[in-house]
Amino acid sequence: MYNLPEITQSADKLKKLVRKEQDAQIQRRYHMLLLLKTGEAESRSGAARHLGVHRNTIASWLELYEDGGLEGLREIGEPGPDPGQKSIPSGVMDQLKERLSKPEGPKQLQGDPALAGRRA
């Protein structure tokens, strides 16, 4: 089971941070801490359900908190995959690039059996 970090701020301080914060993303992160501190949420999944996010998002936020405290929670990264991350293997990507570099026109389609019998 995942161990939750110790939340060192008081519930009162966290309530004030939640109320005062203008950035909705950061406010939800502070709210997560408040939920865990007060016991309103007892797990990552419980906090995730309450805040409408995935439990892995809660895990990421908790990691930011463990590494940098409240300031760490204020770090908002760019959405999407890390630069250079590829979901298609490089060999397949090379083949795809090569195939897309060759223009295909109607002449190549004339001999296509799937198009036989069709008229424009």
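Residues numbered from 1 in each chain as written. Predicted model: local features only at pLDDT ≥ 70, side-chain atom pairs only at ≥ 80, totals over all residues. Heavy atoms only, no water.

Trainee: What should I look at first to understand helix α5 (residues 90–101) in this one?
Mentor: The periodicity of an α-helix, 3.6 residues per turn, causes residues three or four positions apart to be oriented the same way. Under the 1.5 Å per step criterion, the end-to-end length of α5 is 16 Å for 12 residues, consistent within 8% with the ideal 16 Å. When you tally the buried positions in α5, you get 0 out of 12 residues, a small fraction of the element. (Helix = DSSP H or I, 4+ residues; strand = E, 2+ residues; numbered from the N terminus. Expected span 1.5 Å × (residues − 1). Buried < 20%, exposed > 50% of the residue type's maximum accessible area, 1.4 Å probe, protein only.)

Trainee: Is there a simple way to think about helix α1 (residues 11–20) in this case?
Mentor: By the burial criterion, the buried members of α1 are Leu14, Leu17 and Val18. Taken end-on, α1 shows its buried residues confined to a sector of 100°, consistent with a single buried face. Along α1, the residues that are exposed and aim more than 90 degrees away from the buried face are Asp12, Lys16, Arg19 and Lys20. Next to the buried residues of α1 lie α2 (24–38) and α4 (55–73). (Arc of directions from axis to C-beta. Contact = heavy atoms within 4.5 Å.)

By themselves, these observations are geometric and do not establish any function.
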